Amino acid sequence: NARIVEMSPRAAARDGRRLRGRYMMTDQDVLQAHRQEGNCVRGWWPIERWDAGRGPSYAYPPIGEPYDIPLDAQRSAVIDNLLAAGICVCATANAAASIRASGICLATGAAAGKMAASMV
C-alpha cells in the first residue's frame, strides 16, 4: 500500500560533463551486456532515466548478464595521465544513467586508483 506522499518541486541534475575517453560506452554496450577484452569494470545496473513529470524509466540488459566498462572509457583521449570514474566515465547519456549507480562508481574509482598507481 505504498504511495508517493510528496515530490521535490524540481529534479536534481543527474547528468553532467563526462570525460572524452579513448572508448565511449554506449546504450547498446549496456543493453546487450557487451563484453570487452582485457581489464574491465563489470556493470550491472539498468539504464535508469529520471523525468520530473513522469518519474523514472528503466531499460534492462539481459537478466543476469553484466556489461563491461573498459579501462579506455576511464582514460582521457587527450591527456595521458587523466582518469575518470563514476558518472564522469566516457559514455553516452543513457549509458551514464547506468554507470552512475553507487556500486559501479566505487568499482570505477578503484580501477582508476589502480591505473594511477601503475602510471608512476
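No experiment lies behind these values; they were computed from the predicted model shown. (Residues numbered from 1 in each chain as written. Predicted model: local features only at pLDDT ≥ 70, side-chain atom pairs only at ≥ 80, totals over all residues. Heavy atoms only, no water.)

1. Things to note about the overall build of the protein
Note the threshold: Note on conventions: DSSP H or I runs of at least 4 residues are helices, E runs of at least 2 residues are strands, and numbering of each starts at the N terminus. Buried residues are those whose accessible area, probed at 1.4 Å on protein chains only, stays under 20% of the maximum for their type, while exposed residues exceed 50% and partly exposed ones sit between those limits. A contact between two residues is defined here by any heavy atoms of the two lying within 4.5 Å.
Within the protein, the regular secondary structure consists of three helices and four strands. The N-to-C order of helical and strand elements in the protein reads α-β-β-β-β-α-α. If you line up the protein on its principal axes, its C-alpha atoms span 55 × 30 × 20 Å. Taken across its 120 residues, the protein has 33% of its residues classed as buried. The contacts in the protein between residues at least 6 apart in sequence include a share of 74% that link residues at least 24 apart.

2. Remarks on the side chain of Glu48
Residue placement: Glu48 occurs in strand β2 (residues 47-51). Its relative accessible area of 13% is what places Glu48 among the buried residues. Those residues in contact with Glu48 that lie beyond four places of it in its chain are Ser57, Tyr58, Ala97 and Arg100.

3. Overview of a nonpolar patch on the surface
Put simply, the test is: Think of a patch as exposed residues, more than 30% relative accessible area, with no salt bridge, where like charges cluster within 9 Å and nonpolar side chains (Val, Leu, Ile, Met, Phe, Trp, Tyr) cluster within 5 Å. Areas reported here follow the Shrake-Rupley algorithm with a probe of radius 1.4 Å; residue values treat only the protein chains shown as occluding. A pairing counts as a salt bridge when a side-chain nitrogen of Lys or Arg comes within 4 Å of a carboxyl oxygen of Asp or Glu.
Taken together, the side chains of Trp50, Tyr58 and Tyr60 present a nonpolar region at the surface, about 380 Å² in accessible area. By the element assignment, Trp50 lies in strand β2. On the accessibility criterion, Trp50 (42% relative accessible area) is partly exposed.

4. Quick look at helix α3 (residues 102-119)
Given 3.6 residues per helical turn, the α-helix brings residues three or four places apart onto the same face. Cut-off, in case you're wondering: Here the expected length of a helix is defined as 1.5 Å per residue gap, with one fewer gap than residues. By definition, the arc is the one covered by directions from the helix axis to the C-beta atoms.
With 18 residues, α3 should cover 26 Å at 1.5 Å per step; its first-to-last C-alpha distance of 26 Å lies within 8% of that length. Regarding α3, the residues found buried are Ile104, Thr108, Ala111, Ala112 and Met115. Across the axial projection of α3, the buried residues extend over an arc of 100 degrees, all falling on one side. Counted as exposed and oriented over 90 degrees from the buried face of α3: Ser102, Leu106, Lys114 and Ala117. Elements in contact with the buried residues of α3: β1 (40-43), β4 (67-70) and α2 (93-99).

Remember that the coordinates give geometry; whether it matters functionally is a separate question.
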